[in-house]
Amino acid sequence: MSTANSKTAAAKIAEISGTNPLKCMKCGKCSASCPAFEKMDIKPHQFVSYVVNEDIEALAKSESLWYCLSCFACVERCPRDVKPGKIVDAARQTVVRQKGGNYLSANEIPALIDDDVPQQLLVSAFRKFRR
Amino acid sequence: MKYSYYPGCTLRTKAKDLDTYARKSAEVLGFELEEIENWQCCGGVYPLSSDEIATKLSSVRALNEAKVKGQQLVTLCSACYHVLKRVNDDMQNVEDIRVKANNYMKLDEPYEGETQVLHFLEVLRDTIGFDELKKKVVKPLTGKKIGAYYGCLLLRPGEILGFDNPENPTIIEDFIRALGAEPVIYPYRNECCGGYISLKAKDLSAKMCDNIMDSASGFGADMLITACPLCQYNLTKNSKATVPVYYFTEILAEALGVKGEEE
């Protein structure tokens, strides 16, 4: 569904991702490369269409935002330089930048970690899952 | 030869081995890692959105410290390498980020990406040379079959990191050969371990780590080596497999005969 708001949000995602979703030729190489594919309700190659169609509400609710690993397999392998991983991350940013949009709270942390957890895990998760 | 050195948060805490063995080895190999002052955490992940500035400043500070000293900046952690190198690329090539970061930093002289960011392995390959490294080995790891686990952060995106061929890398295999061991090439060596996902979706990381470990052991690896503390954690804690995973610096120190010192 395209509204004035979703038009603005789609433009924002295209802008901060720095990619051009219109170049996508739907080859599916991104989704084939994605190690989190089976957990994703919207698949990497479909993300591109949601931005093109300005259906940002569905993107913002997608579980896929929280399963993308930023492993850059899709970014490396995209033959059209669309780089879906950057679009997923931009969509994730537009969610966590909203009030109440955080996916991880500090209070959850003690139950999620063990003694061996490297600091790198926590700082990375905080960067990806909240503002 | 003296390099600026950026250890990063985890090498001061959970991944002390990665740091300690690198320093000991560097001494034998004739170069020095001079820790930059007041470094701050790189954030662990590179902020992908083009309007992210504040989250890149800790990297810019570190890069500028090295520039002021006129040194190349060496890292050991895959994540630090990834983040510093990509921020450096922004400072070289993305005018908007360069201008905004410099406006904020107010340095004596603007930072424009002058520092060269190197991974410790690149120093071994490109400055010391694997042939020279081989000559310094006193305890060759003969008979050991070692799988290189590259993961994501050292390799991708290849056009910015330029560390090695992102789909068919050879640097860690060459390193393993220089130490007298046999590298095991297996299909999952550049697949993701799950990274930060293991905080909230352990099952997903577990499956990915099992695939990696099964792939490596299926091709005959006795052990894996990595440069990333998070890969080390995920592979060790999230996989059912029991293949041991070491930091590459630990086997380096062992082959150079300095692993047991001061312990």
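Conventions used here
Residues numbered from 1 in each chain as written. Chains lettered and ligands numbered in written order. Predicted model: local features only at pLDDT ≥ 70, side-chain atom pairs only at ≥ 80, totals over all residues. Domains from an automatic or database assignment. Core = buried A, V, L, I, M, F, W, Y, C linked by C-beta atoms within 7 Å. Buried ≥ 20, exposed ≤ 12 C-beta atoms within 10 Å, placed from the backbone. Helix = DSSP H or I, 4+ residues; strand = E, 2+ residues; numbered from the N terminus. Contact = placed C-beta atoms within 7 Å. Pairing = 2+ DSSP bridges. Axes fitted to C-alpha atoms, helices over the stretch in contact; angles between N-to-C directions.

Undergrad: Teacher, can you tell me more about the domain arrangement of chain A here?
TA: Reports often express the size of an interface as the amount of accessible area lost when the parts come together. Split into domains, chain A comes out as domain 1 (4-98) and domain 2 (102-131). Centre-to-centre separation of domain 1 of chain A and domain 2 of chain A, based on C-alpha positions: 23 Å.

Undergrad: What am I meant to see in the nonpolar core here?
TA: Proteins that are soluble and globular tend to have nonpolar side chains buried together. Residue and element names in this part refer to chain B. Of all hydrophobic cores here, the largest spans 124 residues; its most connected members are L73, C77, L84, I172, F175, I212 and I225. The biggest single contributor to this core is helix α3 (residues 78-93), with seven residues. In this structure I212 touches Y149, Y188, E191, C193 and L235, once residues within four positions along its chain are discounted.

Undergrad: Would you mind going over unusual backbone geometry with me for this structure?
TA: Leaving glycine out, the prevailing phi sign among residues is negative, and the prevailing peptide bond configuration is trans. The amide bond that connects R156(B) to the next residue, P157(B), takes the cis arrangement and shows omega of -5°. Take P157(B): it is sitting in the loop between β5 (145-148) and α7 (158-161). Positive phi outside glycine occurs at E54(A), with the angle close to 55°. Residue position: E54(A) is located in the loop between α3 (44-52) and α4 (56-61). The buried category is assigned to E54(A), around which 21 C-beta atoms lie within 10 Å.

Undergrad: How should I be thinking about the sheet that holds strand β7 (residues 223-226) of chain B in this particular structure?
TA: As a general point, the strands of a sheet are linked pairwise by backbone hydrogen bonds and lie either parallel or antiparallel. Residues and elements named next belong to chain B. Read across the sheet, four strands follow the order β6-β5-β7-β8 without closing on themselves; strand pairing throughout is parallel. Across the chains shown, the open sheet's two edge strands, defined by having one partner strand only, are β6 (182-184) and β8 (245-247). With strand direction ignored, the average angle separating the axes of adjacent strands in the sheet is 40°. Where β5 meets β6, three bridges bridge the pair, whose relative direction is parallel. When the bridges of β6 are listed, I146 appears paired with P183. Packed on one face of the sheet, helix α11 (residues 248-255) meets β7 and β8 and runs near 70° to β8.

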